[in-house]
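Breakdown of the fold
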Amino acid sequence: MCGIVAYIGGKEAFPILIIGLKRLEYRGYDSAGVALLNGDVNLYKCKGRVVDLENHIGEKNTKGSVGIGHTRWATHGEPNDANAHPHAIDNNELSIIHNGIIENYLTLKKELEKRGHVFKSDTDTEVLIHLIQDVKDSEKVDLEEAVRIALTQVVGAYAIVILSKNDPDTLVVAKKSSPLVIGIGENEFYIASDATPIVEYTRNVVYLEDGDIAVVPRHGELKIKNFKNKEVIPYVQELEFQLEELEKGGYPHFMLKEIYEQPRSIRDSMRGRASISRGTVQLGGITDFEQKFMKAKRIIIVGCGTSWHGGLVGEYLFEELARIPVEVEYASEFRYRNPVINEDDIVIAISQSGETADTLAAIKLAKAKGATILGICNVVGSSIARETHGGSYTHAGPEIGVASTKAFTAQVTILTLMAMEIGKMRGHIPKARFNQLLTEIKGIPKKVEEVLKTNDVIEEIAEVFKDASNFLYLGRGLNFPVALEGALKLKEISYIHAEGYPAAEMKHGPIALIDAEMPVVVIATKMGNYEKTVSNIQEVKARGGKLIALVTKGDKIVSEMADYVIEIPEVDEMFIPMVSVVPLQLLSYHIALKRGCNVDQPRNLAKSVTVE
Ligand code: M6R
């Protein structure tokens, strides 16, 4: 979603802002803009990509060592030049960039209109800068205080940066429910909605907390206060990822790079946690909460999109290995129900970005009801990671492609380790079986490497089906969430309508769709319910469906029935999703590419969904 980048210091701000905005492109956006202060404020913005903004600016004046930049993902008002950020007031006396949503903006707007304010856009952000200016003038206070007072009247989520023409030596920033991070350089500061635009300049960062208002100076100390006007001591953290992780590293797309990174990312998720020699799994998210897990009567998993699919895999694993009942909830539904939550419930929130608004809200709800909340997040220091009582990072490294790939397999790796350890703790997994699982899971990265070798076969299949209008994905047991994930991958990047179903559910409706035009992807790996899946395949074949089957290497039965076959190596049933999802990621990638789609930044989608 929207991206923020700002700079104050001794360098020219414009190149920093443009590079930063390009780093933020992965979040998804539809317009971009910058404001630069050099005596006067030069403000440029337009609908389109950052490159369109650069063309729009051309040779115009971009001088200034303080500036703010933004990529907008439309919420209030269509994507156009007027609605793009920054928004300014009074001949650019104040300019603002904003991520989030001001929920009561209409009420505020009406009040401000009565007081003579005139608006040029449809956005909630413009209302906010008018409100701040109104407070500043009427209360005769400085900008920081005006921001504080104005924000007490605001309902919603925001990360804001304000540039003042009359104060070239400070930027004022504030945050609530939308992330904002400040990078500390040598006599300079960088501000951004996530650390990707900052890492090439400094590794020292401060993540603002909800309610923080900071005055960021050109030189000197960063001053942070909370809404109650109390000083907050900045907590400086070191960024863990490297700049190279934000580059394509020779791959044509981030998505392909991230698919190919999976042997490494799965290994990193297990590093220091699963040890064959010690025969142990050690995860911070479990060891610190051992007693809670021993007593837990239920686990509730919340997440959205791919992370929700990861949760569904977790449900099978926890129930099978740890014998704890599990409920998997869409965070967006959970937060608006009145869910029954007990103090001995454990809620596991799964999120790649750690910023998903619905998941964050679900956590806050469950926390207020007394449950223990654990997070499985990829982004270190993210809001969800900070809001939970504990948890485990996935260590997949930055995921830039909007379609989640390596984050999913890393989430499943953590969930598998958790289920194994809890199962052992609660006496449901004998030592020998535990050791066997440990040995097997450590071998998964090699198995994924083998799967990646089927890329050419998958590309050929993609060529055959690239013009299809619909796709059906079927799987049973642990492969059912994989079917859902395969369908989600395809629809989000190729715009082909795709649905995932439990294979046996097909005859209760979707079977009506099957004809010679319908490609059906069946994940028919060797596992407990293999024969049942074979029967479902026969139902597809009998109706003329085009069958693409994912089978275990050496499989004869399904391979003879299928029109196209992708083989994956044999793995313990518990670990199948980590391996079986990979060909489906590649299939989506190749189909989308052949259709000429923007694989890394599909239309309408945002990487980090920070509004509900
Ligand atoms: O950052 P999160 O894991 O919380 O994001 C959840 C979903 O928005 C995300 O998985 C989305 O569905 C992806 N585009 C899937 O590829």
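Nothing here was measured: the structure is a model prediction, and the numbers come from that model. (Residues numbered from 1 in each chain as written. Predicted model: local features only at pLDDT ≥ 70, side-chain atom pairs only at ≥ 80, totals over all residues. Heavy atoms only, no water.)

Details of the packing of helix H7 (residues 262-270) against helix H14 (residues 406-425)
Going by this rule: Only the contacting stretch of a helix is used when fitting its axis, a line to C-alpha atoms as for every element, and angles between N-to-C directions run 0 to 180 degrees. Think of it this way: any DSSP run of H or I at least four residues long counts as a helix, any run of E at least two long counts as a strand, and we number them from the N terminus. When describing relative orientation, an angle under 35 degrees is termed roughly parallel and one over 145 degrees roughly antiparallel, while 65 to 115 degrees is termed roughly perpendicular and anything else oblique. With the far helix as reference, a near helix turned anticlockwise by less than a right angle produces a left-handed crossing, and one turned clockwise produces a right-handed crossing. Two residues qualify as a contact provided that any one of their heavy atoms is within 4.5 Å of a heavy atom in the partner residue.
Two numbers describe how H7 lies on H14: the axes approach to 9 Å, and their chain directions differ by 30°. As far as their axial angle goes, H14 and H7 are roughly parallel. Here H7 and H14 pass one another in a crossing that is right-handed. Of the residues in H14, those in contact with Gln262, Arg264, Ser265, Ile266, Ser269 and Met270 of H7 are Lys406, Thr409, Ala410, Thr413, Ile414 and Leu417.

Re the domain arrangement of the protein
So the rule is basically this: Domain borders in the structure are assigned automatically or taken from a domain database. Accessible surface is computed with a 1.4 Å probe, and the buried area is the amount of it that two parts give up when combined, taken over both parts together.
Assigned domains within the protein: domain 1 (3-239), domain 2 (268-442) and domain 3 (448-601). For domain 2 versus domain 3, the distance between C-alpha centres works out to 26 Å. Taken together, the contacts link 26 residues of domain 2 with 20 residues of domain 3. When domain 2 packs against domain 3, close to 1900 Å² is buried across both sides, 74% of that on carbon and sulfur atoms.

Overview of the pairing of strand E2 (residues 31-38)
Here is the rule: The cut-offs for exposure are 20% and 50% of the maximum accessible area for each residue type, with area from a 1.4 Å probe on protein chains only; residues under the lower value are buried, those over the upper are exposed, and the others partly exposed. What makes two strands pair is DSSP finding at least two bridges between them.
Counting buried positions along E2 gives 7 out of 8 residues, so the element sits mostly inside the fold. Across 8 bridges, the pairing between E2 and strand E3 (residues 40-47) is antiparallel. Bridging across to E3, Val34 finds its partner in Tyr44. Between E2 and E3, which pair antiparallel in sequence order, lie 1 residue; one of them, Gly39, sits at a positive phi of approximately 85°. The pairing of E2 with strand E4 (residues 66-72) spans 7 bridges and is classified as antiparallel. Bridge pairing in E4 links Val34 to Gly69.

Focus: the sheet that holds strand E20 (residues 345-351)
With respect to topology, 5 strands assemble into an open sheet ordered E19-E18-E20-E21-E22, the strand pairing being parallel. Whereas interior strands pair on both sides, the edge strands pair on one side only; in this sheet they are strand E19 (326-330) and strand E22 (390-393). Averaged over all adjacent pairs, the angle separating strand axes in this sheet is 20°, with direction ignored. Where E20 and strand E21 (residues 372-377) come together, 6 bridges link them in parallel fashion. Bridge pairing in E21 links Ile346 to Thr372.

Quick look at the pattern of salt bridges
As a reminder of what qualifies: Salt bridge, as used here, is a side-chain nitrogen of Lys or Arg placed within 4 Å of a carboxyl oxygen of Asp or Glu.
Counting across every chain of the model gives 40 salt bridges. A salt bridge links Lys136 to Glu93; the nearest nitrogen and oxygen atoms lie 3.8 Å apart. Highlighted residues: Lys136 in helix H4 (residues 124-139) and Glu93 in the loop between strand E5 (87-89) and strand E6 (94-102), separated in sequence by 43 residues. Here Lys175 ties to Asp210 by a salt bridge, and the two come within 2.9 Å at their closest N and O atoms. Taken as a pair, Lys175 in strand E8 (residues 170-176) and Asp210 in the loop between strand E11 (204-207) and strand E12 (212-217) lie far apart in primary sequence, 35 residues in all. Given the relative accessible area of 3%, Lys175 is considered buried. We classify Asp210 as partly exposed; its relative accessible area is 36%. Within this structure, Lys257, Glu261, Arg264, Asp268, Arg271 and Lys406 form a network of salt bridges that share partners.

Description of the environment of Gly554
Mapped onto the elements, Gly554 comes out in the loop between strand E26 (546-552) and helix H20 (557-561). Among the residues examined, Gly554 registers a relative accessible area of 47% and is labelled partly exposed.

Let's talk about the packing of aromatic side chains
Rules: Two aromatic rings from Phe, Tyr or Trp, using only the six-membered ring of Trp, form a pair when their centres are within 6.5 Å; if the ring planes differ by under 30 degrees the pair is stacked, by over 60 it is edge-to-face, and anything between is tilted.
Within this structure, the stated rule accounts for 7 aromatic pairs. An angle of 55° between the planes, with centres 5.1 Å apart, marks the rings of Tyr7 and Tyr190 as tilted. With a gap of 183 residues between them, Tyr7 in strand E1 (residues 3-8) and Tyr190 in strand E10 (residues 189-192) connect regions that are remote in the sequence. This pair shows no difference in class: Tyr7 is buried, exactly as Tyr190 is.

Let's talk about helix H1 (residues 13-23)
Since the α-helix turns once every 3.6 residues, residues separated by three or four places project in the same direction. Counting buried residues along H1, 8 of its 11 residues qualify, which places the element largely inside the surrounding structure. For H1, the complete set of buried residues consists of Ala13, Phe14, Ile16, Leu17, Ile18, Gly20, Leu21 and Arg23. Looking at the packing, one finds that the buried side of H1 touches E1, E2, helix H2 (50-57), E4 and E10.

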